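Remarks on the overall topology
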Amino acid sequence: MNRFIGIDFGMSKVGLSISDPSKIISMPLKVIRYKEYGNLIIRLKKIAVENNVNTFVIGYPLNMNNKKNAMTLLVDNFRDELIELGFNVFLQDERLSSESAKKIMHEQNIRTGSNKETVDLIASTIILQTFLDKGSS
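Quick caveat: nothing in here was measured; it's all calculated off a predicted structure. (Residues numbered from 1 in each chain as written. Predicted model: local features only at pLDDT ≥ 70, side-chain atom pairs only at ≥ 80, totals over all residues. Heavy atoms only, no water.)

**Overview of the overall build of the chain**
Along the backbone of the chain there are four helices and five strands. Secondary structure elements of the chain occur, N-terminal to C-terminal, as β-β-β-α-β-α-β-α-α. By the burial criterion, 42% of the 137 residues in the chain qualify as buried. Expressed as a percentage of contacts within the chain between residues at least 6 apart in sequence, the contacts between residues at least 24 apart total 59%. Carbon and sulfur atoms form 52% of the exposed surface of the chain, whose accessible area is close to 7,500 Å². (Helix = DSSP H or I, 4+ residues; strand = E, 2+ residues; numbered from the N terminus. Buried < 20%, exposed > 50% of the residue type's maximum accessible area, 1.4 Å probe, protein only. Contact = heavy atoms within 4.5 Å. Areas by Shrake-Rupley, 256 points an atom, 1.4 Å probe, with all protein chains shown as cover.)

**Quick word on the pairing of strand S2 (residues 13-19)**
A large share of S2 lies buried, amounting to seven of its seven residues. Burial along S2 is two-sided: the residues Lys13, Gly15, Ser17 and Ser19 and Val14, Leu16 and Ile18 are all buried. Between strand S1 (residues 3-8) and S2, which follow one another and run antiparallel, lie four residues. The turn linking S2 back onto strand S3 (residues 26-33) is made up of six residues, and Lys23 within it adopts a positive phi angle of 60°. (Pairing = 2+ DSSP bridges.)

**Quick word on the environment of Lys23**
Positionally, Lys23 belongs in the loop between S2 and S3. Sequence-wise, Lys23 and Asn2 are 21 residues apart; in three dimensions their C-alpha atoms are separated by 8.5 Å.

**Focus on the nonpolar core**
In terms of nonpolar packing, the biggest core is built from 23 residues, with Ile7, Phe78 and Leu82 touching the most fellow members. Contributing elements (two or more residues each) for this core: S1, S2, helix H1 (37-50), strand S4 (53-60) and helix H2 (70-84). Among the elements that line this core, the one with the most residues is H1, at five residues. Not counting residues up to four positions away in its chain, the partners in contact with Ile7 are Val14, Gly15, Leu16, Leu44, Phe56, Val57, Ile58, Gly59, Phe78, Leu82, Ser124 and Ile127. Membership of the second largest hydrophobic core comes to six residues, among which are Phe4, Ile127, Leu128 and Phe131. (Core = buried A, V, L, I, M, F, W, Y, C linked by side-chain atoms within 4.5 Å.)

Purely geometric stuff here, so don't read any function into it on its own.
Shown next, in the form of structure tokens:
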């Protein structure tokens, strides 16, 4: 059974989460730091193969007024590239996912300032779990 990977996309790092085989629960996977975009794509393909993944759920960064911004356009291009590689790709509204991640960390007395990768990891888990909860697959 194929699993899903959730992505909190950033310019230098991406947070990744993965679904259980039944696609019910989202779990943190890892954070990828990258300097070259092509290297990110190569690493994502490898992770997908290793984890039996054929679907990505990418956090979609719309403004609060539902308007696209520069980051939204980068995510659109990222989505298109993954589709060209043969993956199924869904976009999930990610507004406030990072803020929700920070709130979770505060509740657990984890500092957010020095744990930015943890914020990205939790945000990707929230993005994927929100998608799974909708039953959109």
